[in-house]
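Spelled out, the chains give:
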Amino acid sequence: MNELMNREGADRKLPFYMSWPFSDNLYAEEEDEKDLEMLLGLCPKTARRVWPAVEDWCDRMEYDGSMMYDECPDPGEIHRQALRIQEHIRKEDPDDPEEGTDTSRLQDLIETLLFQEMHRRRRRRRRFRRHFIY
């Protein structure tokens, strides 16, 4: 039986457009982005305020050779970048009622969001770079 199936399968030829398997990575990426936007709407106010600054930093750091794509990013440098993001947020909104609250908690939130966004972008880069031959 198996011999008969192999013979039949060998006679069938695939059309050229079916020779490469279909990849739905772009659709999955779009779904992930929509899901992230929906979940960000559920985040606390402070996280929603910090998120655009973190995303902006990651946008600027998204290039070949960036520390964001190092095999093991330097935690000290990430801490310094989080401090810069915190200063930027305070310059944008100096009348913030949460200004006097614990700054270490805000710093921890920024670093956590930074690590999460870096992970998301590193994962996306690995997933899409596999499909291209250099």
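Below or above, wherever it landed, is the structure these notes cover.

Any two packed helices are characterised by how steeply their axes cross, that is the angle between the axes, and by the distance between the axes. Taken N-terminus to C-terminus, the directions of helix α3 (residues 45-60) and helix α4 (residues 75-92) make an angle of 125°; their axes are 10 Å apart at the nearest point. When the axis of α3 is compared with that of α4, the two are oblique. Seen along the crossing, α3 lies across α4 with a hand that is right-handed. In this structure, α3 uses Arg-49, Val-50, Ala-53, Val-54 and Trp-57 to contact α4, whose residues at the interface are Gln-81, Ile-85, His-88 and Ile-89. Per-class residue counts for the contact of α3 with α4 are six nonpolar, two polar and one charged.

We now examine the pattern of salt bridges. The tally for this structure, following the rule as stated, stands at 11 salt bridges. Its salt-bridge partner being Arg-120, residue Glu-117 comes within 2.7 Å of it at the nearest N-O pair. On the criterion of helical spacing, the pair formed by Glu-117 and Arg-120 is a turn pair, its members being three residues apart in helix α5 (residues 103-129). Pair check on accessibility: Glu-117 and Arg-120 agree, each one buried.

A word on the layout of surface pockets. Here the idea is plain: a probe the size of a water molecule rolls over the atoms and shows the empty space left. The calculated volume of the second largest pocket comes to roughly 160 Å³. Lining the second largest pocket, in full, are Glu-29, Asp-32, Glu-33, Leu-36, Gln-116, His-119, Arg-120, Arg-121, Arg-123, Arg-124 and Arg-127. Listed by contribution, the elements that provide at least two residues to the lining of the second largest pocket are α2 (25-42) and α5. If one sorts the elements of the lining of the second largest pocket by residue count, α5 sits on top with seven residues. A breakdown of the residues in the lining of the second largest pocket according to their chemical character gives one nonpolar, two polar and eight charged.

Rules and cut-offs
- Residues numbered from 1 in each chain as written.
- Predicted model: local features only at pLDDT ≥ 70, side-chain atom pairs only at ≥ 80, totals over all residues.
- Heavy atoms only, no water.
- Axes fitted to C-alpha atoms, helices over the stretch in contact; angles between N-to-C directions.
- Helix = DSSP H or I, 4+ residues; strand = E, 2+ residues; numbered from the N terminus.
- Parallel < 35°, antiparallel > 145°, perpendicular 65-115°, else oblique.
- Left-handed = near helix turned anticlockwise from the far one by under 90°.
- Contact = heavy atoms within 4.5 Å.
- Nonpolar A, V, L, I, M, F, W, Y, C, P; charged D, E, K, R; others polar.
- Salt bridge = Lys/Arg side-chain N within 4 Å of Asp/Glu carboxyl O.
- Buried < 20%, exposed > 50% of the residue type's maximum accessible area, 1.4 Å probe, protein only.
- 1 Å grid on protein atoms, 1.4 Å probe; cavity = no way out; pocket = protein on both sides within 12 Å on 5 of 7 lines; lining within 4 Å.
- Points joined across faces, edges and corners; volume = space filled by probe spheres on them.

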